[in-house]
2 protein chains.
Amino acid sequence: MAVRVRIEDVAEAAGVSMKTVSRVLNREPNVREDTRVRVQAAVDALNYKPHPSARSLAGHKSYLVALLYDNPSPNYLMEVIAGVLDACETQQYNMMMCPLDFGSPTFMNAVESMIAHSQPDGLILTPPITDAPALLKRLDELELAYASISPRKQKQCMGVAIDETRAAFDMMQHLVSLGHRRIGHIKGHPEHGASDWRLQGYRDGLQKAGIPFDPDLVVDGEFSFESGVRGAEKLLQLRERPTAIFAANDDMAAGVIGVALRLGLRVPEDVSVCGFDNTPMSLQIYPPLTTVHQPSRDMGRIAALELLTAIRKRDAGKMLQIPYTLKLRQSTGPLG
Amino acid sequence: MAVRVRIEDVAEAAGVSMKTVSRVLNREPNVREDTRVRVQAAVDALNYKPHPSARSLAGHKSYLVALLYDNPSPNYLMEVIAGVLDACETQQYNMMMCPLDFGSPTFMNAVESMIAHSQPDGLILTPPITDAPALLKRLDELELAYASISPRKQKQCMGVAIDETRAAFDMMQHLVSLGHRRIGHIKGHPEHGASDWRLQGYRDGLQKAGIPFDPDLVVDGEFSFESGVRGAEKLLQLRERPTAIFAANDDMAAGVIGVALRLGLRVPEDVSVCGFDNTPMSLQIYPPLTTVHQPSRDMGRIAALELLTAIRKRDAGKMLQIPYTLKLRQSTGPLG
DNA sequence: CTGTTAGCGCATTCAT
DNA sequence: ATGAATGCGCTAACAG
């Protein structure tokens, strides 16, 4: 490890004081341009890197953001992580991972303990942890900044989301345009806001097409493949079978396709199937799945950038909405 | 955030010096049992948590391990992460994520920069970063501890792996026992040791069954679904079609099944397909995939525990081998 | 615009 | 077995 280059060494090399170096490093004002250049040159020449712990200790900041999650899809989370890391890198921040069990009675204890231990400067919340009232209340008490990704209540907090209801509505328009009128829906996990929004989009789509809502065509799910299987078994064995099934996510849609094939039905000739999320798997099953692409990586990046800005400026940002894309593939087709 | 409880406060409450509290906290010897108890009581009563940065600054340790990865399957990586976090939690360590581009010319720069910035006490390497000679050499220079998960050269380093060759061999035994003799193989990414091992297991399996090796039945792949599709297109259009295909991972196996179905072949009646990794997807496609389960979470945990031990004791551990499991499912069946 | 001083909270000598 | 003094590397508050 050799000997560490310290800020003092840089100061000496540049012929200024430690504090001036500190100012340059932290982009603080009140430094003449030429000294700034001189200091920067010394920093580069010595390949100086601030010691994170020292900076943190003296500055009363941890330079840490915590990413809270509860059993999300690995693909989704990895995208979010990549985005958050993108954002953190630009600002010398670190990210720590915080797997949590949202439903557990010790949920808040786990959070408190993590905060006490790691002292993050801010948190990024992913669904469904975005919607834990006790958590949000406590964070406000602690004056700890947080950004939410796709939270249920979007008016009141900083974060990022897509218009899920409208995306689901668009998907319904697609099915309707193919001639479908008996369209089934498998709901998502009841604890996720996304489930409500997507169901709402389904209903909006029916209404727009003048198709009466039929409760038999809507079944419970919980975003898992298995729940998709169960939902499909119900829907595909109805006396009057739906000609299309809109599952609230891709995993469930994969379950639907599995059941359909097992029952000897062709997809999409006998039944069209679509999902939501555009997971890699959606492209790997046969037939490739029609779905909605949600820019999860961008959402992670944006949430983190908002959070970092809020930490710096000590004031909260807005809820940002960003665009989604429909991916029309082979699992949906015209009414046969 | 109220006022922070410091070690000094605990010392005062317990009627001892800071140093004694420090000793108790760090499980150092030379503390009488009764004072240890008294100090611990004060720690609990005040709900004292050491300040990570202060501890790190004074102790010349970062309490950080870096997890290096390059574009792995999200499912695999999330399992490894969960295991590493499990291990870190028990020892007050933190984990940082380090996505890298192994092939890039700036790979080593990225690593150097990460190390200089974050000063991790150790690294956990995942394939194929386990096999970057320049990296390993540099880590030795820096005397930075690292643990490797499934590295190519297992003799020379600390880490954890399964016996992949034997697992692939077992899978071949399974296919042979079903009556298959024309068995195709789609290789993994050439940069991953796993590709070699699994191919070796394939060859060992052929040899054991007295089946001559046919180069036409082995095609290149790179672990991606698409490469599985390409491989299957070659194999399934051979004049003498294989009756079984062993893909070196699940993603490629999924590609094979897709192609088979597209060509009007039934799985497993017309062609058996198997993979490797037991990804969640392997259970979600139709038919469910026969594969090898690799205990990735355990591997993450074990690698991290080894690393933390090595950091503490300043000496390197061994390469540990842990068990795998064959998952026999519906994508393989008797030769029709 | 720049420098000086103090101290963040802890572990680490070296005493005793 | 325990304690007092010192400093890790940096930023903050103030001084100039």
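Everything here concerns the structure above.
Note that the coordinates shown come from a computational prediction; the quantities given were computed from them, not determined experimentally.

(A) Structural view of the protein's contact with DNA strand D. Close contacts around DNA strand D come from 27 residues, with A:Ile7, A:Tyr48, B:Thr20, B:Asn30 and B:Arg32 the closest. Considering DNA strand D, the proportion of its atoms within 4 Å of the protein that are sugar or phosphate atoms stands at 63%. Within the side chain of A:Ser22, one N or O atom sits 3.0 Å away from a phosphate oxygen of DNA strand D. Residue B:Thr35 places a side-chain N or O atom 3.2 Å away from a phosphate oxygen belonging to DNA strand D. Counting residues per element, the ones that place at least two in the surface near DNA strand D are α2 (18–25) and α4 (52–59) of chain A together with α2 (18–25) and α4 (52–59) of chain B. Tallied by class, the residues present in the surface near DNA strand D amount to 10 nonpolar, nine polar and eight charged.

(B) Local environment of the interface of chain B and chain A. Across the contact, 38 residues belong to chain B and 37 residues belong to chain A. The contact between chain B and chain A buries some 3500 Å² in all, and 65% of this surface belongs to carbon and sulfur atoms. Linking chain B with chain A are four residue pairs in polar contact (both at pLDDT 80 or more). Elements with a minimum of two residues in the side of chain B that touches chain A: α4, α5 (74–90), β2 (94–99), α6 (107–118), α11 (250–262) and α12 (281–284) of chain B. Its residues placed into classes, the side of chain B that touches chain A shows 23 nonpolar, 11 polar and four charged.

(C) View of the sheet that holds strand β2 (residues 94–99) of chain A. Residue and element names in this part refer to chain A. Spatial ordering of the open sheet is given by β2-β1-β3-β4-β5-β11, a layout of six strands whose pairing is parallel. Single-partner strands in this sheet number two, and they are β2 and β11 (319–321). Shown here is a sheet whose adjacent strand axes are inclined to one another by a mean of 20°, direction ignored. Relative to strand β5 (residues 159–161), strand β4 (residues 145–149) runs parallel, the two being bridged by two bridges. Looking across to β5, one finds that Ser 148 is bridged to Gly 159.

The rules we used
- One numbering rule holds for all chains: residues counted from 1, following each sequence as written.
- For naming, the first written chain is A and the first written ligand is 1, with later ones following in the order written.
- Reporting in this predicted model follows two pLDDT cut-offs: at least 70 for local features of residues, and 80 or more for side-chain atom pairs to be given and counted; totals over whole chains, interfaces and linings ignore these cut-offs and use all residues.
- As a rule here, side-chain values come from all non-hydrogen atoms in the structure, and water together with hydrogens is ignored.
- When we say a residue is near a molecule or strand, we mean one of its heavy atoms is within 4 Å of it.
- We define a polar contact as two N or O atoms separated by no more than 3.5 Å, with the added condition that, inside protein, one atom must be a possible hydrogen donor and the other a possible acceptor, whereas residues neighbouring each other in sequence contribute only through side-chain atom pairs.
- Counting from the N terminus, the helices are the DSSP runs of H or I reaching at least four residues and the strands are the DSSP runs of E reaching at least two.
- Three residue categories are used. Nonpolar comprises Ala, Val, Leu, Ile, Met, Phe, Trp, Tyr, Cys and Pro, charged comprises Asp, Glu, Lys and Arg, and polar comprises the others, including Gly.
- Contacts between residues were defined by any pair of non-hydrogen atoms, one from each residue, lying within 4.5 Å.
- For any pair of parts, buried area is found by adding up, for both, the accessible area (1.4 Å probe) each one loses once the two are put together.
- Any two strands with at least two DSSP bridges between them are considered paired.
- Axis lines are fitted to C-alpha atoms, over the contacting stretch for helices. Their N-to-C directions set the angle, which ranges from 0 to 180 degrees.

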